[in-house]
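Residue-level structural notes
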Amino acid sequence: MSYSARGPPKIEGMISLKVDNLTYRTTPEDLRRVFERCGSVGDIYIPRDRHTRESRGFAFVRFYEKRDAEEALQEMDGRVLDGRELRVQMARYGRPTSPQRRRYDRRRRSRSRGDRRRRSPSYEKRRRDRSRSRDNKRRSDSHSRSRSASKSSREHSPVRRNRSQSRE
């Protein structure tokens, strides 16, 4: 069952059961057929893997009445469907109340410099400290290199040779 065109159904007030140990080929229609024996089913949701789009092996079956959900829990827990023993329990958490921001696929959208994610202050501090220590090391290395380079260049410069040759 796809909600892409019309969005998810209104589930306020429904009682959810989590059904584990499903095969990857179990459909919402299969679950509806089995669970409607216990009462009126309001919604069935089978989460899918975001990359492969295959079933993740569990589902949520929502009932309008708490009495029907409790009956389904008693009847269906341990029952075999598609060669698997179902594990049914009351869902611990409901759907998140705050709308989650949709994450963009990195392949589809590139980020500009100003559009980067906000980093924690401690991360930024570590980054600054690291870059400062690198800068200090570079300065001291380049300073000592330039000093040694200038010393060696004086020793071997043509001007020095000319002076030493003129003394001979």
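Heads up: these notes are all about the structure in this document. Every value quoted in this text rests on a predicted model; they were computed, and no experiment measured them. (Residues numbered from 1 in each chain as written. Predicted model: local features only at pLDDT ≥ 70, side-chain atom pairs only at ≥ 80, totals over all residues. Heavy atoms only, no water.)

Per the secondary structure count, the chain includes four helices and six strands. The N-to-C order of helical and strand elements in the chain reads β-α-β-β-α-β-β-β-α-α. Scored against the burial criterion, the 168 residues of the chain give a buried share of 23%. The contacts in the chain between residues at least 6 apart in sequence include a share of 63% that link residues at least 24 apart. (Helix = DSSP H or I, 4+ residues; strand = E, 2+ residues; numbered from the N terminus. Buried < 20%, exposed > 50% of the residue type's maximum accessible area, 1.4 Å probe, protein only. Contact = heavy atoms within 4.5 Å.)

With that settled, the discussion passes to helix α2 (residues 66–76). Every buried residue belonging to α2 is among Asp-68, Ala-69, Ala-72 and Met-76, and all of these are buried. Axial view of α2: buried residues confined to an arc of 100 degrees, hence all on one face. Away from the buried face of α2 by more than 90 degrees, exposed residues Arg-67 and Gln-74 are located. Gly-78 lies just past α2 and shows a positive phi near 95 degrees. (Arc of directions from axis to C-beta.)

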